[in-house]
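Tertiary structure, described
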Amino acid sequence: MRFDRLLTHARLATMAANGRPYGGTDADAVGIRDGRIVWIGTSEDLPDSVEIHERDDLDGRWVTPALIDCHTHLVFAGDRSGEFERRLAGESYESIARSGGGIKSTVNAVRSATAAELAATALSRLDALNAEGLGTVEIKSGYGLNFESEINMLKAARSLGLVSGVRVRTTLLAAHAVPPEYAGKADAYIDEVCIPLIAEAARQGLADAVDAYCEGIGFSPEQVRRLFEAAKAAGLPVKLHADQLSDLDGAALAAEFGALSADHLEYTNEAGIAAMAKAGMTAVILPGAFYCLNETKKPPIAALREAGVPMALATDANPGTSPVLSLLTIANMGCTLFGMTVEEALAGITRDGARALGLGNEIGTIETGKRCDLAIWDVERPAELVQWIGAKPLHGRILNGEWA
């Protein structure tokens, strides 16, 4: 047996569903080869014949899977801080959007930027997430609203993975908003821009999934259905911004297409939850948007829990409705705002975040055979990661078996 690296004297929160809190284990050592976890055990059980290239003593530190942010809009241009002031003055997000603000105010800036410029401005935002133990991030397009700019956004997102070392999953948010040139012609926008975009993104290998915004100020269920049929034809899985501001049966629509996840879900009804459970979907809970928009309708956490629907947590990092670059703060919000347990919150940014990206067999837990993406923490208990806001508990990351 050969290990490229052996980690010893670790306290492992594997986050595997083994019946113990945080996936706890008596093991204190992890063997790594070719970027994979190949052995987990105690130091005393280490085979005598093992060949170890590098050995790292973690001195009793806690180790979790590297964190996963499964819903972000990190790639964008421009500034929307003025909208923050407008909302503080009492104006609603819907009102701002209908007056030309919101998503549309970012569109002009994105359309004026190159892929390289978009990537450069996003890198500092990604660095903030990395500082909290990030291993995988999903990045959506959706601010270009035309063929060229959407492709540029996907290219920018792909390039971030190359320069940062984290795994980047790209999502073509094909139907995010109706651009000004298609005002009053949403159906034409779906047919003439969104559906061709899906085919081209698939052809170039730029998208790992397709998403849409199903909402009164976004797109109707019928329009989303046409989009998802095109995604299915292109061989791409789907996700959905569902039931954030109203109940349009978005969760059930996503389940109809076997979506990886339905996200937001504040207004999701019981039938939608049942459909998600039957389809094996993941719910992505986004407390940052709830908090920043000063919403009062909470997602149905207890009903999702009772139905056995896994609940991921994500930053929804974006310039308007969730300017949040801290997954650990989001985990705290999931507990304090929505009543999730600490263990649910940590699972939401590891194991269940992986499920929301279709990567549950690859990352999200510390188990043999999985990619070795780990976060090492200077804490006494895993709950500290969720309890504190603004702390910097990360000791280091190991991504694909190497210190990052």
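Let me begin by describing the structure that accompanies this report. (Residues numbered from 1 in each chain as written. Predicted model: local features only at pLDDT ≥ 70, side-chain atom pairs only at ≥ 80, totals over all residues. Heavy atoms only, no water.)

Some details on unusual backbone geometry
For Y22, which is not a glycine, the phi torsion comes out positive at approximately 60°. Secondary-structure assignment places Y22 in the loop between β2 (11-12) and β3 (29-33). (Helix = DSSP H or I, 4+ residues; strand = E, 2+ residues; numbered from the N terminus.)

Some remarks on the nonpolar core
In terms of nonpolar packing, the biggest core is built from 104 residues, with V75, I198, L227 and L240 touching the most fellow members. It is helix α6 (residues 186-204) that contributes the most residues to this core, eight residues altogether. Not counting chain neighbours up to four residues away, the residues in contact with V75 comprise L118, A122, R125, I139, Y143, M153, A156, A157 and L160. In this structure, L7, A27, L374 and I398 belong to the second largest nonpolar core, which totals 14 residues. (Core = buried A, V, L, I, M, F, W, Y, C linked by side-chain atoms within 4.5 Å. Buried < 20%, exposed > 50% of the residue type's maximum accessible area, 1.4 Å probe, protein only. Contact = heavy atoms within 4.5 Å.)

Examining the sheet that holds strand β7 (residues 67-69)
The strands that make up a sheet are held in pairs by hydrogen bonds between backbone atoms, and each pair lies either parallel or antiparallel. In space, the eight strands of this open sheet follow the order β7-β8-β9-β10-β11-β12-β13-β14, with parallel pairing throughout. Both outer strands of the open sheet, β7 and β14 (311-313), are each paired with one neighbouring strand and no more. Taking each pair of neighbouring strands and ignoring which way they run, the sheet shows an average axis angle of 25°. Where strand β12 (residues 261-264) lies against strand β13 (residues 282-285), three bridges are found, and the strand directions are parallel. Counterpart to S261 in the pairing with β13 is T282. Each of β9 (167-175) and β10 (209-214) touches α6; the most contacted strand, β9, lies at about 155° to it. (Pairing = 2+ DSSP bridges. Axes fitted to C-alpha atoms, helices over the stretch in contact; angles between N-to-C directions.)

With respect to the environment of T365
Topologically, T365 is positioned in the loop between α14 (351-356) and β15 (374-377). With 299 residues separating them in the primary sequence, T365 and A66 have C-alpha atoms 8.6 Å apart. Other than its neighbours up to four places away in sequence, T365 contacts T14, M15, A16, P65, R351 and K370. A polar contact is formed between the side chain of T365 and the side chain of E367, at a distance of 2.6 Å. Here the side chain of T365 touches K370 through a polar contact of 2.6 Å, side chain to side chain. (Polar contact = N/O pair within 3.5 Å; in protein donor to acceptor, adjacent residues only side chain to side chain.)

Remarks on the pairing of β12
Pairing of strand β11 (residues 239-242) with β12 involves four bridges; the strand directions are parallel. By the bridge assignment for β12, A242 is matched with H264. Running through helix α8 (residues 250-256), the crossover from β11 to the neighbouring parallel element β12 is right-handed. One crossover worth recording links β12 to the parallel β13 by way of helix α9 (residues 270-279), and it is right-handed. (Right-handed = clockwise from strand over helix to strand, strands pointing away.)

What to know about the sheet that holds β15
The five strands are arranged β2-β6-β15-β16-β17 in an open sheet whose pairing can be described as mixed. If you trace the sheet from one side to the other, it starts and ends with β2 and β17 (402-403), each paired once. The sheet contact formed by strand β16 (residues 394-399) and β17 spans two bridges and is antiparallel. Bridge assignment links I398 to a residue of β17, and that residue is W403.

Looking at the packing of aromatic side chains
Aromatic rings considered in pairs are described by the distance between their centres and by the relative angle of their planes. What the rule picks out here adds up to six aromatic pairs. Residues F290 and F338 carry aromatic rings whose centres are separated by 4.9 Å and whose planes lie at 75° to one another, so their mutual orientation is edge-to-face. On the criterion of sequence distance, the pair formed by F290 in helix α10 (residues 287-292) and F338 in the loop between α12 (327-336) and α13 (342-348) is long-range, its members being 48 residues apart. What makes F338 buried here is its relative accessible area of 8%. Taken together, the ring pairs connect Y182, Y189 and F219 into an aromatic cluster. (Phe/Tyr/Trp six-rings, centres within 6.5 Å; stacked < 30°, edge-to-face > 60°.)

Nothing here speaks to function; it is all geometry.
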